[in-house]
Structure formats: C-alpha cells, structure tokens
Amino acid sequence: MASFAKEFSKGIGVSNPIFILALGLCPALAVSYSLDNALGMSAAVIFVLLCSNVIISAARKIVPKIMRIPTFIVIIATFVTLVTLVFQAYVPTLYQSLGIYLPLIVVNCIILGRAEAFASKNPVIGSIADALGIGVGFALALILISFLRELLGTGGISISLFEQLFNAGSLSFTLPAFSEHPLTIFVLSPGAFLVIGLLMALFKWIGRKKND
Amino acid sequence: MPSLLRKIYPILFVTLIVFISVTLLIFTESFTSAELQARLQQQVEEELESMFPELDDSVDNEDSEVYTLLAGGETIGYAFLAVGTGYSGDIAILVGLEDSETVKGIIILSQQETPGIGDRITGDGFTGQFTGLNIDAVNFKQDGGQIDGLAMATISSEAVIDAVRDTAMEKVKLIEGVE
C-alpha cells in the first residue's frame, strides 16, 4: 500500500507530466483557455490512461516484443475512440471546443510513455497507481493553467460542464471592474505559453528550494 | 511446427487485438449513434424555426426526404439536407426553399474543414449569399452564378455550392412531381 501511495504521489509532484516532464504540452497549451475544456480533457486523459495502463499491464506477458508499440497504439486508440464517441453524443459543446485535440490523445506522449515505461513492465496494481498519479497530475496542472488563463483573460470563471451533464447549477463569478477590461492575451495562444512558462519556472524554483 | 507458430504469433496477436477493439467500438457506436441522431433532429428543427419564423408545422415526406413546411395550413417552404464532399470529410447542409425555385437560406450543420480556412463556409458572409437566390444562380460568379467563393477555400466553397444546387434540383423535381 505504501508503494501504491508512492507511485500515485510521484505523478502529482516530482514527475508531474506538464511542469516537470514537459510532456503532453500540445493539448495543454491548446485547450487550456477555459476551465470547462480543462476538466473535459482531464477526464478523457485520466480515463484513457487508466484503461490502457490496466490492459497493457495485464497483457504484458503475452504481448510479442516486436509488436509492442503497434499493440499499445491499438489499445490506446480504442479507448480514445470510445471517449470521442461518448463525448460527441452526450457533451456536444465540449466535443466541439476540444476539437482535434480529443482524437489526438492517441498520440499523447504521456499515455504512450506510461505504457512503454511503466505498464509494460509492472503489475496491474502499480500501473493503476501510476495512471491515476500521472493522470491527476496532468489534470491538476491543466486546471491550474486554465483557471489562471480564464480568470485573467475573461475577468471571471464560468463552468457549465456540470450543468450539461447532471442538470446541476452552473458555477460562475466575475471579478468586478476587471471583467470590463480583461487581459485578452491570456485566452489566446501567447497567454498559454506565458502561463505555462511562468508556472514551470515557479515549480522548478520550489523544487530547488526543497533540495537545498 | 513450434518455430512456425512462434513466427506467426505476433501477427495473430495483433489481429486478435484489432478484432476485439473493433467489436468493442461497433458496440459503443450502436449506443451513441441513436443519441446523436436525436440531437441532430432537434438541431434541424431549431434551425428551421430560425429560418422560417412563422413556421408552426412540418410534414416529413419519407420518400423524397423533403420537409414540407407549413404555417396555418399553408405551405411556406421546403427543407432538406444536402451533403457535399469537402476538403476533409462530408459537409452536411440544411437547405431551405421558399418555393420550388428560390433558396430561403442554408445552414452548415456539420463540417470538418481546415480551421481558419475552409471552416469559413459556416460564416454568414458565405451562407448569407444563398438567401433569395434562384436555384440556377447557385454557382460561382465566374461560372455564371451569383456567389463569391472564399479565397483559399475553393474546394470547400465548391462543395457547398454544388451540394446545394444539385440536391435542390433533384428535390424540386420530387416536390413538383407530388403536386
């Protein structure tokens, strides 16, 4: 159990996919302009990562070595297509705004990376911990980035995802005064680079302070 | 024999994996496609109401796949779906006709054209040009029609124009045949 917790916390902290490993930056940059997007993307990535890690880990002894990568890609692509179909049918607005980045999870290097580096060499329980850790680490990073971008770029936060899914109330607030003159650059592409770059620097700095 | 088996094992394995994968996806698709169909139907109805504000009833003619649009019992127009082959995938267009020769408006229901280039076909600047045109005039200006294509997006523009014109001509024959 101690090792489960260790594998899990590793993904959030020391090997955070976005801030430390700098993996999966393409979708992180592209979709993080709104919190809705970040939540949807995170859910999709966690689901695909968890399912593919479990299957790959369970099948690791029967997968022929030379067909390793094609097999992983087929397994990952299956789950991604599944998520795409479900999103298209049940959360169409999210499907529209994630656009090409949803099917592109197939080639997301976080997922293939975990399959190759971890799940194909470790038992199922450890792979679940690894997938959840890396997945939650990715989700937290994406949520942090999109929170800052949406807040600065539009002057407020609005989440309508849960409203569409469960008819729960929508969540929104605006910063008075600031919302009239938001820093629009933060919802555009340059803002993504600025926010991710500054956050990376911050986490590096924190990491170095800890080591000293 | 075992050595032969060892040679073909990778092939068999991947074939099996792909087979399982496809089965799973077909199964999922059968669930989600019904949901998708229902939503598309709803979207068509909403778009038609914005195109024909006075609309209060419509008749779905199953044979010709044309909706006859009614207001207070009078026919006020027709609507049907046209599908064009765009630059990257099908473009689904909802076409509304005022009578058997005039276009009331078109709405792009779905498309996968290049973002920022081909996807400008969804803009009012392009779709608005169809409003009020005679079906024969649905063509590029240089080809004798009245529509300005989109610069850098000729294939996408042409796909929409051709789909609207050809489907409209075909459906008009069916409409007139009924009356």
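For the structure, check the block above.
Cut-offs used in this document
Residues numbered from 1 in each chain as written. Chains lettered and ligands numbered in written order. Predicted model: local features only at pLDDT ≥ 70, side-chain atom pairs only at ≥ 80, totals over all residues. Heavy atoms only, no water. Phe/Tyr/Trp six-rings, centres within 6.5 Å; stacked < 30°, edge-to-face > 60°. Helix = DSSP H or I, 4+ residues; strand = E, 2+ residues; numbered from the N terminus. Buried < 20%, exposed > 50% of the residue type's maximum accessible area, 1.4 Å probe, protein only. 1 Å grid on protein atoms, 1.4 Å probe; cavity = no way out; pocket = protein on both sides within 12 Å on 5 of 7 lines; lining within 4 Å. Points joined across faces, edges and corners; volume = space filled by probe spheres on them. Nonpolar A, V, L, I, M, F, W, Y, C, P; charged D, E, K, R; others polar. Domains from an automatic or database assignment.

Asker: Would you explain the packing of aromatic side chains in this entry?
Answerer: What characterises a pair of aromatic rings is the spacing of the ring centres plus the angle enclosed by the ring planes. The full count for this structure, using the stated rule, is five aromatic pairs over all chains. Both rings, one in Phe47 of chain A and one in Phe79 of chain A, keep their centres 6.2 Å apart while their planes meet at 80°; by these two values the pair is edge-to-face. Pair noted here: Phe47 of chain A is in helix α3 (residues 35-58) and Phe79 of chain A is in helix α4 (residues 68-90), with a separation of 32 residues, a long-range link. The exposure class assigned to Phe79 of chain A is buried, which follows from its relative accessible area of 12%. Consider the rings of Phe27 of chain B and Phe31 of chain B, whose centres lie 5.4 Å apart with planes at 80°: the pair is edge-to-face.

Asker: Where do I start with the layout of surface pockets in this structure?
Answerer: Picture a little ball the size of a water molecule; that probe, rolled over the atoms, points out where space is still empty. In this structure, the largest pocket spans a volume of roughly 1,600 Å³. Taken together, 40 residues make up the lining of the largest pocket; nearest its centre are Gln96 of chain A together with Leu109, Ser110, Gln111 and Gln112 of chain B. At the level of secondary structure, the elements contributing two or more residues to the lining of the largest pocket comprise α4 and α5 (92-98) of chain A together with α1 (2-51), β3 (74-86) and β5 (103-110) of chain B. If you tally residues by element for the lining of the largest pocket, the top one is α1 of chain B, at 10 residues. Counted by class, the lining of the largest pocket contains 18 nonpolar, 14 polar and eight charged residues. Shared between two domains, the lining of the largest pocket holds at least three residues of each, these being domain 1 (1-51) and domain 2 (54-178) of chain B. As a volume, the second largest pocket reaches approximately 390 Å³. In this structure, the second largest pocket is lined by 16 residues; those nearest its centre are Ile12, Gly13, Val14, Ile20 and Phe203 of chain A. When its residues are assigned to classes, the lining of the second largest pocket shows nine nonpolar, four polar and three charged.

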